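# Residue-level structural notes
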Amino acid sequence: MPEMDVALKDTMQIDGALGAALVDHTSGMALGTVGGGKDLDLTVAAAGNTDVVRAKLRAMEMLNLMDKVEDILITLDTQHHLIRPLTSRSGKGLFLYLVLNKDRANLAMARHQLRRIERRLDL
């Protein structure tokens, strides 16, 4: 999927990007990854963050919230983890996952850029 590859490469242009993945939250499988390394296994992170997405969607359903999740932010000591569910019909059930170096990233700008990448992605 060339569009996926372009989108993932674009995420690595975001200041502070350490790794990114496109993930199927129904299976927990990473459809594509870029970056990462021995200290950041993106396939393991993708599977783990699938549980985060599922839990949030379940909680929203129990609360009868009709809003859509724009993004989910997890802040660690040294990293930001951004999860952005895709909103297009073709992207239903998928999310973009981005790991940022907390000291190098501008979180507001990263969210803006990830939103722009998500909107251009048509699978």
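Residues numbered from 1 in each chain as written. Predicted model: local features only at pLDDT ≥ 70, side-chain atom pairs only at ≥ 80, totals over all residues. Heavy atoms only, no water.

### Some points on the overall build of the protein chain
Scanning the protein chain from terminus to terminus reveals 3 helices and 5 strands. Relative to the 2.2 N^0.38 estimate, which gives 14 Å for 123 residues, the radius of gyration of the protein chain is 14 Å and therefore close to what a compact globule would have. When the 123 residues of the protein chain are sorted by exposure, 42% land in the buried category. For the protein chain, long-range pairs separated by at least 24 residues make up 52% of all intrachain contacts whose partners lie at least 6 apart in sequence. For the protein chain, the accessible area works out to roughly 7,200 Å², and carbon and sulfur atoms hold 52% of it. Both charge centroids of the protein chain, one from 16 positive and one from 16 negative side chains, sit 4 Å from each other. (Helix = DSSP H or I, 4+ residues; strand = E, 2+ residues; numbered from the N terminus. Rg over C-alpha atoms; globule rule 2.2 N^0.38 Å. Buried < 20%, exposed > 50% of the residue type's maximum accessible area, 1.4 Å probe, protein only. Contact = heavy atoms within 4.5 Å. Areas by Shrake-Rupley, 256 points an atom, 1.4 Å probe, with all protein chains shown as cover. Lys, Arg positive; Asp, Glu negative; His and termini not counted. Charge placed at Lys NZ, Arg CZ, Asp CG, Glu CD.)

### Notes on the environment of methionine 66
Inspection of the secondary structure assignment puts methionine 66 in the loop between helix H2 (42–62) and strand E3 (72–75). Measuring from C-alpha to C-alpha, the distance between methionine 66 and aspartate 77 comes to 32 Å, with 11 residues separating the pair along the chain.

### Describing the side chain of histidine 25
Mapped onto the secondary structure, histidine 25 falls in the loop between strand E1 (17–24) and strand E2 (30–35). Once residues lying within four places of it in the same chain are set aside, the contact partners of histidine 25 are Thr50, Val53, Arg54, Leu57, Gly93, Leu94 and Phe95.

### Looking at the environment of leucine 98
With respect to the helices, strands and loops of the structure, leucine 98 is situated in strand E5 (residues 94–101). Note on leucine 98: relative accessible area 0%, which makes it buried. Linking leucine 98 and valine 23, residues 75 residues apart in sequence, is a C-alpha distance of 11 Å. Apart from the residues within four sequence positions on either side, leucine 98 is in contact with Thr11, Ile14, Ala17, Gly19, Ala20, His80, His81, Leu82 and Leu114.

### Considering the pairing of E2
Two strands pair when backbone bridges link them, and E1 and E2 are joined in this way by 5 bridges, in the antiparallel orientation. Counted as the bridge partner of alanine 21 is threonine 33 from E2. (Pairing = 2+ DSSP bridges.)

### Some details on the pattern of salt bridges
Per the stated rule, a full pass over the model turns up 7 salt bridges. Aspartate 39 is paired through a salt bridge with lysine 38; the nearest N and O atoms lie 3.8 Å apart. Per residue, the accessibility class of aspartate 39 equals that of lysine 38, and both read exposed. A salt bridge links aspartate 51 to arginine 54, with the shortest nitrogen-to-oxygen separation between them at 3.8 Å. (Salt bridge = Lys/Arg side-chain N within 4 Å of Asp/Glu carboxyl O.)

### Topic: the sheet that holds E3
The strand order across the open sheet built from 5 strands is E2-E1-E5-E4-E3, with neighbouring strands paired in antiparallel fashion. The sheet is open, and its two edges are formed by E2 and E3, each paired on a single side. Each neighbouring strand pair of the sheet contributes to a mean axis angle of 10°, computed without reference to strand direction. Relative to E5, strand E4 (residues 79–85) runs antiparallel, the two being bridged by 7 bridges. The partner of histidine 81 across the bridge, within E5, is valine 99. In the packing of H2 onto the sheet, the strands contacted are E1, E2, E3, E4 and E5, and the crossing angle to E5 comes to about 120°. Helix-sheet contacts for helix H3 (residues 107–120) involve E3, E4 and E5, and the interaxial angle to E4 is about 30°. (Axes fitted to C-alpha atoms, helices over the stretch in contact; angles between N-to-C directions.)

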